[in-house]
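Here is what each chain is made of, one letter per residue.
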Amino acid sequence: MIAKPRTKPISLLKLEALLKRLPEVHPKYSLIKSDYAKQKAGYLGEKFLEYPLSCLPGKDYLIFNDLRLLNGKHFFQMDVLLLTPFFISILEVKNISGSIFFNSLFKQIIRTIEGKEEGFADPVAQVKRQAEHLRDWLERYGFPALPIVPLVVIANERTVIKLDPRDKITPNFVIPSSDIISNMRFYDKKFTSPFLTPRQVKKLYSRLIADHTPVEMDIFQRYALQKTDLIKGVQCPGCLSFPMNRVHGNWKCLRCSHVSQDAHNQALKDYALLIKTSITNKEARDFLGSISSDTAKRILQQTCKVSEGNNKGKLYFIPVDKV
Ligand SMILES: [Zn+2]
C-alpha cells in the first residue's frame, strides 16, 4: 500500500518555471538547465519504480516515497522506504544512462557515456548512511531496532552495471529495478519474526508522515539571481513566446496570434513558484503586464479564492496546491 505517494518535487517545478522565464543567453542558464536535467532524470527513475513496487503484496508493505527526516541536527532523505513489521528497506534510486562502474575502494561510481567518463558519489555508501540515520531516528522515537536493508536500485534497465570482480560487498547492495520483488521475497524469508505489532506499525506510519519536512529551496539565492533577471508577462501556450496582450477579455499572442482565456493562470503559478505565493494588484500588473487595475482585480478574484486586507494593500493568495 502506498502510504506516501510520490509528487513532483517543488524544486523541480521551480526549475521548470525558472527555465521558462530566464533568457537563454543568461550566464546561469546552462547550469540551471543541466541541474534541471539531472533532477528530472532522478524523478523519472523514481517514478519508474512505481510499477515494480505496485507488485509487492499490499497488505504487508507500506511504501513511503521521498521522505526527508530530521536526525538531530541534520536532514536525511530517502527515495523509497518500505515498511513491514519484520524489516525496513531503504531504496536509493539511480537513473543513470550509459555504463557505470562501482569503484568501492574510492567510494565512487564512474559513468561512461559516449566515450566520456564522469564520477558520482558512491550510492552504496550513501544508502548505508541513510540506514544509520534511520536507526538513530527510530531509537530517538522509542521504536524497536528492526532490521534495515539498504539497497541501491538501478532504475534504467539499459544501464550497464560493472563491478570489480574482487569486490564481494557491492553486489549485495545493488539491484536492477526488475529484481525488487525477488529481493523482497528473499528478505521476507530471512526475517520471520515480527519486530513491530500492528499498533506500532500504525504509530510508526504516523510518525514518519508527521516528521517529513519538504526541502525549501530559495532559487534566487542558490543561483545568485535577481528578480530582474526574470522575463515578465504571460507566456503563449501555443508558441511559448512572451508576452501576450490583453485584448477584449482574452490574451492574444503577439507572435502567433493564439488566443487564450486563462493563460494568466500559468503566469501566476510561475510567480508563486519563483517569487512568493501572495500577490497584490500592483505586483500582478507589473508581472502580467498590459492590464488595468480592474482587469487585474477580476483575474485575481477569479484565480485566488483567498485574500487578506483592503484596497491597495490587499494580498491575494495564489493557490499553490494547483501549482
Ligand atoms: Zn504564440
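Given the structure is predicted, the values throughout are model-derived calculations rather than measurements. Here the residue numbers are simple positions, counted from 1 along each chain's written sequence. With the structure being a predicted model, the display of local features is reserved for residues of pLDDT at least 70 and the display and counting of side-chain atom pairs for 80 or more, all residues being used for whole-chain, interface and lining totals. Values reported for side chains reflect all heavy atoms of the structure, with hydrogen atoms and water molecules removed beforehand.

1. Side note on the environment of Asp-136
Keep this limit in mind: Secondary structure elements are taken from DSSP: a helix is a run of H or I of four residues or more, a strand is a run of E of two residues or more, and numbering for both begins at the N terminus.
Within the secondary structure, Asp-136 sits in helix H4 (residues 123-140). A C-alpha to C-alpha distance of 7.2 Å links Asp-136 and Asn-71, two positions 65 residues apart in sequence.

2. Topic: the sheet that holds strand S15 (residues 306-308)
Our working definition: Strands pair, by our definition, only if DSSP identifies at least two bridges between them.
Read across the sheet, three strands follow the order S14-S16-S15 without closing on themselves; strand pairing throughout is antiparallel. Across the chains shown, the open sheet's two edge strands, defined by having one partner strand only, are strand S14 (278-279) and S15. Two strands pair when backbone bridges link them, and S15 and strand S16 (residues 315-317) are joined in this way by three bridges, in the antiparallel orientation. Residue pairing in the sheet places Ser-307 in a bridge with Tyr-316 of S16.

3. What about the packing of helix H8 (residues 263-274) against helix H10 (residues 293-303)?
Threshold: Between N-to-C directions, angles cover 0 to 180 degrees, with each direction set by a line fitted to C-alpha atoms, over the stretch in contact for helices. Relative orientations are named as follows: roughly parallel for angles under 35 degrees, roughly antiparallel for angles over 145 degrees, roughly perpendicular for angles from 65 to 115 degrees, and oblique for any other angle. Pairs of residues are marked as contacts when any of their non-hydrogen atoms sit within 4.5 Å. When residues are grouped by polarity, Ala, Val, Leu, Ile, Met, Phe, Trp, Tyr, Cys and Pro land in nonpolar, Asp, Glu, Lys and Arg in charged, and all others, Gly among them, in polar.
At their nearest, the axes of H8 and H10 sit 11 Å apart, and the two run at 75 degrees to each other. In terms of orientation, H8 and H10 fall into the roughly perpendicular class. Between H8, through His-264, Asn-265 and Leu-268, and H10, the contact on the second element is made entirely by Ile-299, Leu-300, Gln-302 and Thr-303. Tallied by class, the residues present in the contact of H8 with H10 amount to three nonpolar, four polar and no charged.

4. Quick word on the pattern of salt bridges
Basically, it comes down to this: Criterion for a salt bridge: a side-chain nitrogen of Lys or Arg within 4 Å of a carboxyl oxygen of Asp or Glu. Burial classes follow relative accessibility: with a 1.4 Å probe on protein chains only, a residue under 20% of its type's maximum area counts as buried, one over 50% as exposed, and anything between as partly exposed.
Enumeration over the complete set of coordinates arrives at 12 salt bridges. The partner of Asp-270 in a salt bridge is Lys-20, with the nearest N and O atoms 3.1 Å apart. With Asp-270 in helix H8 and Lys-20 in helix H1 (residues 10-20), this pair connects stretches of sequence that are 250 residues apart. Judged by relative accessible area, which is 1%, Asp-270 ranks as buried. A salt bridge links Glu-283 to Lys-276, with the shortest nitrogen-to-oxygen separation between them at 2.9 Å. Residue Lys-276 is classed as partly exposed on the basis of its relative accessible area, which comes to 29%. Within this structure, Arg-6, Glu-46 and Asp-66 form a network of salt bridges that share partners.

5. Concerning the layout of surface pockets
Formally: Here the term cavity refers to a set of points on a 1 Å grid, laid over the protein atoms alone, in which a 1.4 Å probe fits but cannot get out; the term pocket refers to an open set having protein on both sides within 12 Å along at least five of seven lines, with lining residues being those that place an atom within 4 Å of a point. Grid points are joined across faces, edges and corners, and a volume is the space filled by probe spheres set on the points. Where each domain begins and ends is defined by an automated method or by a domain database.
Each pocket or cavity is described by its volume, and for the largest pocket that value is around 1400 Å³. If you trace the largest pocket, you find 43 residues lining it, with Pro-9, Ser-11, Gln-39, Glu-46 and Gln-77 closest to the centre. Where the lining of the largest pocket is concerned, the elements lending two or more residues are H1, helix H2 (29-48), strand S2 (62-71), strand S3 (74-83), strand S4 (88-94), strand S6 (108-113), strand S7 (116-121) and H8. Among the elements that line the lining of the largest pocket, the one with the most residues is H2, at six residues. Split by residue class, the lining of the largest pocket holds 18 nonpolar, 11 polar and 14 charged. Each of domain 1 (2-211) and domain 2 (232-322) contributes no fewer than three residues to the lining of the largest pocket. Residue lining of the second largest pocket: Asn-281, Lys-282, Arg-285, Ser-293, Asp-294, Lys-297, Asn-311, Lys-312, Lys-314 and Tyr-316, and that is the complete set. Its residues assigned to classes, the lining of the second largest pocket comprises one nonpolar, three polar and six charged.

6. A look at the domain arrangement of the protein chain
The test is simple: When two parts are put together, the accessible area they lose, computed with a 1.4 Å probe and summed over both, is reported as buried area. Polar contacts here mean pairs of N or O atoms no more than 3.5 Å apart (in protein, one a potential hydrogen donor and the other a potential acceptor; neighbouring residues in sequence count only if both atoms are side-chain atoms).
If you check the domain split of the protein chain, you get domain 1 (2-211) and domain 2 (232-322). One C-alpha centre belongs to domain 1, the other to domain 2, and the line joining them spans 38 Å. Taken together, both faces of the contact between domain 1 and domain 2 bury some 730 Å²; the carbon and sulfur share is 59%. Among the residues domain 1 hides against domain 2, the three largest losses belong to Lys-14, Lys-20 and Arg-21. Together they make up 76% of the total. Where domain 1 meets domain 2, there are two salt bridges. In this structure, the connection of domain 1 to domain 2 is made through three residue pairs in polar contact (both at pLDDT 80 or more).

7. Considerations on helix H6 (residues 198-211)
To keep things clear, this is the line we draw: For a helix, the expected span equals 1.5 Å multiplied by the residue count minus one.
Helix length check: H6, at 14 residues, gives a terminal C-alpha distance of 20 Å against a target of 20 Å (1.5 Å per residue), a fit within 8%. Of the surrounding elements, those touching the buried residues of H6 are S2, S3, S4 and H4.

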